[in-house]
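# Examination of the molecular architecture
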Amino acid sequence: TILICSPIPHQRTQEYVTEVDTLSDQNRRNVLRQVTKLAMGEGIRYESKAYGWPEDCYFIKGTKVGPTADILKLMEVGQKCEDEWGRDHGNGWLL
């Protein structure tokens, strides 16, 4: 099972991707957007017109993911989503 915990404080996440694991501005925005969705339990949906997932198919919608989540389990679940609904043509930016 995935460990569910309190959401990642947005400020601490932003500090991390700015000061520790530095990313470009665009990459930082992409990461923060996806982290926020996961922390709020919104899940992630692949909405590409050419390659997107079927309607109502979300990666872990309804589960709030925080900093102590089992990352290996999340990767396993993400791979199952891609296997069933189609691969991430963004080379990892979706999940």
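Above this text you will find the structure in question.
Residues numbered from 1 in each chain as written. Predicted model: local features only at pLDDT ≥ 70, side-chain atom pairs only at ≥ 80, totals over all residues. Heavy atoms only, no water.

### Description of a nonpolar patch on the surface
Heads up, the rule is: Candidates for patches are residues over 30% relative accessible area with no salt bridge; among them, like charges are joined within 9 Å and nonpolar side chains (Val, Leu, Ile, Met, Phe, Trp, Tyr) within 5 Å. Calculation of accessible area relied on Shrake-Rupley with a 1.4 Å probe; when residues are assessed, cover is drawn exclusively from the protein chains displayed. The salt bridge definition used is simple: a Lys or Arg side-chain nitrogen within 4 Å of an Asp or Glu carboxyl oxygen. Put simply, DSSP marks the helices as runs of H or I at least four residues long and the strands as runs of E at least two long, and each gets a number from the N terminus on.
A cluster of nonpolar side chains, namely I71, L72 and M75, defines an oily patch on the protein surface of about 350 Å² accessible area. Inspection of the secondary structure assignment puts I71 in helix α3 (residues 71–85).

### Let's talk about the packing of aromatic side chains
Here is the rule: Ring pairs shown here join Phe, Tyr and Trp side chains whose ring centres sit within 6.5 Å, with only the six-membered ring taken for Trp; geometry is labelled stacked below 30 degrees between planes, edge-to-face above 60, and tilted in between. Each residue's exposure class comes from its accessible area (1.4 Å probe, protein chains only) as a fraction of the maximum for that residue type: buried when under 20%, exposed when over 50%, partly exposed otherwise. We count a charge as sitting over a ring when the NZ of a lysine or the CZ of an arginine lies within 6 Å of the ring centre and within 35 degrees of the ring normal.
This structure, assessed with the given rule, holds two aromatic pairs. Ring geometry for Y46 and W53: centres 6.0 Å apart, planes at 90 degrees, overall edge-to-face. By the burial criterion, Y46 is buried, and W53 matches it. A connected cluster of aromatic rings, assembled from ring pairs, spans Y46, W53 and W85. Lying over the aromatic face of Y58, K61 brings its terminal NZ or CZ to 4.2 Å of the ring centre.

### Let's talk about the environment of W53
Note the following rule: Whether two residues are in contact is decided by their heavy atoms, any of which lying within 4.5 Å being enough. Polar contacts, as counted here, are pairs of nitrogen or oxygen atoms within 3.5 Å of one another; within protein the pair requires one atom able to donate a hydrogen and one able to accept it, and residues that are adjacent in sequence qualify only if both atoms are side-chain atoms.
Considering the arrangement of structural elements, one finds W53 in the loop between α2 (25–40) and α3. Between the alpha carbons of W53 and G86 there is a distance of 6.4 Å; along the sequence they are 33 residues apart. When near neighbours in sequence (up to four residues on either side) are disregarded, W53 contacts I44, R45, Y46, Y58, F59, C81, E82, W85, G86, L94 and L95. From its side chain, W53 meets the backbone oxygen of G86 in a polar contact 2.8 Å long.

### Comments concerning α3
Stated precisely, the cut-off is as follows: To estimate the expected span of a helix, count its residues, drop one, and scale the result by 1.5 Å. Here, the arc refers to the directions that run from the helix axis to the C-beta atoms.
The first and last C-alpha atoms of α3 sit 21 Å apart over 15 residues, in line with the 21 Å expected at 1.5 Å per residue. Among the residues of α3, L74, G78, C81 and E82 are the ones counted as buried. The arc enclosing the buried residues of α3, seen along the axis, measures out at 95 degrees, which places them on a common side. Residues of α3 that are exposed and point more than 90 degrees away from the buried face comprise L72, D83 and E84. Its side-chain oxygen placed 3.2 Å from the backbone nitrogen of L72, D70 serves as the N-cap of α3. Remark: G86 follows α3 within two positions and exhibits a positive phi of approximately 125 degrees.

### Topic: the environment of L74
Structurally, L74 is set in helix α3. It is 9.3 Å that separates the C-alpha atoms of L74 and L95, two residues lying 21 residues apart in sequence.

Just distances and angles here, no functional claims.
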